[in-house]
Amino acid sequence: MKKFILSVCMLALILSLTACGTDFNGSRTGSDSEFIMEYSVLNKTDTQELTVESGDTIRAKIVVRKGSLAIKIQKDGEEPIFESDGISVSNEFDVEIDESGTYTVEVTGKKAKGSVSFVVENNQ
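Summary of the structure given here.

## Examining the packing of aromatic side chains
The final tally for this structure, using the stated rule, is two aromatic pairs. A centroid spacing of 6.1 Å and a plane angle of 20 degrees characterise the contact between Phe35 and Phe118, whose relative ring orientation is stacked. Remark: Phe118 occurs in strand β7 (residues 101-121) and Phe35 occurs in strand β2 (residues 34-42); sequence separation between them is 83 residues. Phe118 gets classed as buried once you look at its relative accessible area, which sits at 0%. Seen in terms of ring centroids, Phe82 and Phe93 are 4.5 Å apart; in terms of plane orientation they differ by 20 degrees. Their pairing is stacked.

Quick look at the structure:
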């Protein structure tokens, strides 16, 4: 009987320790015109490619309830058109696009809880 109880306790301990290593718990939607995530845990980097035309705007909405984020938006490996690290407060901003192309939005969370939204708006 003692071996059975010990086995059950060990299994419970192993399961609880693996739950602590969660990188992402939430929902994610992505397409060529939007990147939206809501999460109770974000401890990784996620990316989405957006197809954007000259004159368009990428509208960003960042909600930080806990932890911090790093965000980068760049076209095909060029210099980022937006980059910020250590974001720990909620914010909304627009990124104006001068040159058409495929832009990669990269979000990295560190013990983060909240949401991000990047939506392409056609200003033509």
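## Focus: a negative patch on the surface
A contiguous patch of negative charge, built from Glu49, Asp76, Glu78, Glu79, Glu83 and Asp85, is present on the exposed surface. For Glu83, the location among the structural elements is in strand β5 (residues 82-87).

## Some remarks on a positive patch on the surface
Taken together, Arg65, Lys66, Lys111 and Lys113 make up a surface patch of like positive charges. If you list the elements that add at least two residues to the positive patch, you get β4 (57-75) and β7. Within the fold, Lys66 resides in strand β4.

## Topic: the pairing of β7
In this structure, β2 lies alongside β7, joined through seven bridges in antiparallel fashion. Across the sheet, Phe35 pairs through a bridge with Phe118, a residue of β7. Inspection of the sheet shows strand β3 (residues 45-52) paired to β7 by eight bridges, in the antiparallel sense. Considered in β7, the bridge of Thr51 is made with Thr102. Across 17 bridges, β4 lies against β7 in antiparallel orientation. Within β7, the residue paired with Ser68 across the bridge is Lys110.

## Observations concerning the environment of Phe35
Take Phe35: its relative accessible area is 0%, and that puts it in the buried class. Separated by eleven residues in the primary sequence, Phe35 and Asp46 have C-alpha atoms spaced 10.0 Å apart. Ignoring any residue separated from it by four or fewer positions in sequence, one finds Phe35 in contact with Arg28, Thr29, Gly30, Asp46, Thr47, Gln48, Leu50, Val105, Val107, Val116, Ser117 and Phe118.

Rules used in this analysis
Residues numbered from 1 in each chain as written. Predicted model: local features only at pLDDT ≥ 70, side-chain atom pairs only at ≥ 80, totals over all residues. Heavy atoms only, no water. Phe/Tyr/Trp six-rings, centres within 6.5 Å; stacked < 30°, edge-to-face > 60°. Helix = DSSP H or I, 4+ residues; strand = E, 2+ residues; numbered from the N terminus. Buried < 20%, exposed > 50% of the residue type's maximum accessible area, 1.4 Å probe, protein only. Patch = residues over 30% accessible without salt bridge, like charges linked within 9 Å, V, L, I, M, F, W, Y side chains within 5 Å. Areas by Shrake-Rupley, 256 points an atom, 1.4 Å probe, with all protein chains shown as cover. Salt bridge = Lys/Arg side-chain N within 4 Å of Asp/Glu carboxyl O. Lys, Arg positive; Asp, Glu negative; His and termini not counted. Charge placed at Lys NZ, Arg CZ, Asp CG, Glu CD. Pairing = 2+ DSSP bridges. Contact = heavy atoms within 4.5 Å.

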